[in-house]
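One-letter residues, chain by chain:
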Amino acid sequence: MIKNWHIVVTRSRFEKKCNTLLELNGIESFLPMRNVLVKYSDRNKWVSKPLFPGYIFVKFSTNERFLALSIDGMARIVRFENKDYIVNESVINGIKNRLSENKELELISTSNLVLGAKIKIIDGPFAGTNGVLIKAKGKSKILVEIEAINQGFLLELSENSISKIL
């Protein structure tokens with residue numbers, strides 16, 4: 001059976017619980033986390049929060065679909081044009097590599113973004129991923145966008161690492 005990565009919407013603040021329950025049921029999942037400094041009235045505290053709140057990446061086959069969605073806290077699979085949105089393995093690996101290097105992913109919303117030239121990353125951990133070219137402060141920055149959840153993150157790549165999509 002072929003297994004693909006899907007984006008699953010969870011109930012509010014159920015991402016960690018869903019991730020744990022999926023692993024207990026033998027279903028591979030990925031919940032990218034980031035540390036955020038939360039300011040309380042009497043102290044500051046570092047808290048681990050999901051990088052994409054309300055979403056979790058889940059790898060399953062067609063036969064495991066029902067089991068994955070029956071986990072407590074799982075709401076629905078993200079779909080486009082009546083088909084499940086499949087996330088490329090290179091995007092998952094790129095996020096994992098970036099987080100393992102302790103490099104912060106600069107998360108931005110892409111819903112109101114004016115898109116520039118569309119590009120394809122041809123080198124590095126995000127090879128094969130489409131993105132949008134943005135020029136900022138004289139450096140080339142690539143916006144790698146996960147369209148299904150209208151979010152993306154900025155990467156600094158050399159011009160040799162990208163090719164333009166016509």
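**Overview of helix α1 (residues 15-24)**
In an α-helix, one full turn covers 3.6 residues, which means residues spaced three or four apart are oriented alike.
Here's step 1: Where α1 is concerned, the buried positions are E15, C18, N19 and L22. Buried residues in α1, looked at end-on, bunch into an arc of 100 degrees, giving them a common side.
Here's step 2: The secondary structure elements touched by the buried residues of α1 are β1 (4-10), β2 (28-30), β4 (44-50), β5 (55-60), α2 (65-69) and β6 (74-77).
Here's step 3: G26 lies just past α1 and shows a positive phi near 75 degrees.

**What about the environment of G94?**
Here's step 1: Its location among the elements puts G94 in helix α3 (residues 89-100).
Here's step 2: Each C-alpha atom, one on G94 and one on A127, is 8.4 Å from the other, the two residues being 33 residues apart in sequence.

**As for the confidence of the model for the protein**
Here's step 1: Summary statistics for the protein give a mean pLDDT of 82 and a share of 77% for residues scoring 70 or more.
Here's step 2: Here strand β10 (residues 106-109) stands out as the least confident element of the protein, with mean pLDDT 57; β2 is the most confident, with 97.

**Details of the pattern of salt bridges**
Here's step 1: On inspection of all chains with the given rule, the structure shows 7 salt bridges.
Here's step 2: With a shortest N-O distance of 3.0 Å, D42 and R43 are connected by a salt bridge.
Here's step 3: Take R43: its relative accessible area is 42%, and that puts it in the partly exposed class.
Here's step 4: For E89, the salt bridge identified is with K59, shortest N-O distance 3.3 Å.

The rules behind each value
Residues numbered from 1 in each chain as written. Predicted model: local features only at pLDDT ≥ 70, side-chain atom pairs only at ≥ 80, totals over all residues. Heavy atoms only, no water. Buried < 20%, exposed > 50% of the residue type's maximum accessible area, 1.4 Å probe, protein only. Helix = DSSP H or I, 4+ residues; strand = E, 2+ residues; numbered from the N terminus. Arc of directions from axis to C-beta. Contact = heavy atoms within 4.5 Å. pLDDT = per-residue confidence, 0-100. Salt bridge = Lys/Arg side-chain N within 4 Å of Asp/Glu carboxyl O.

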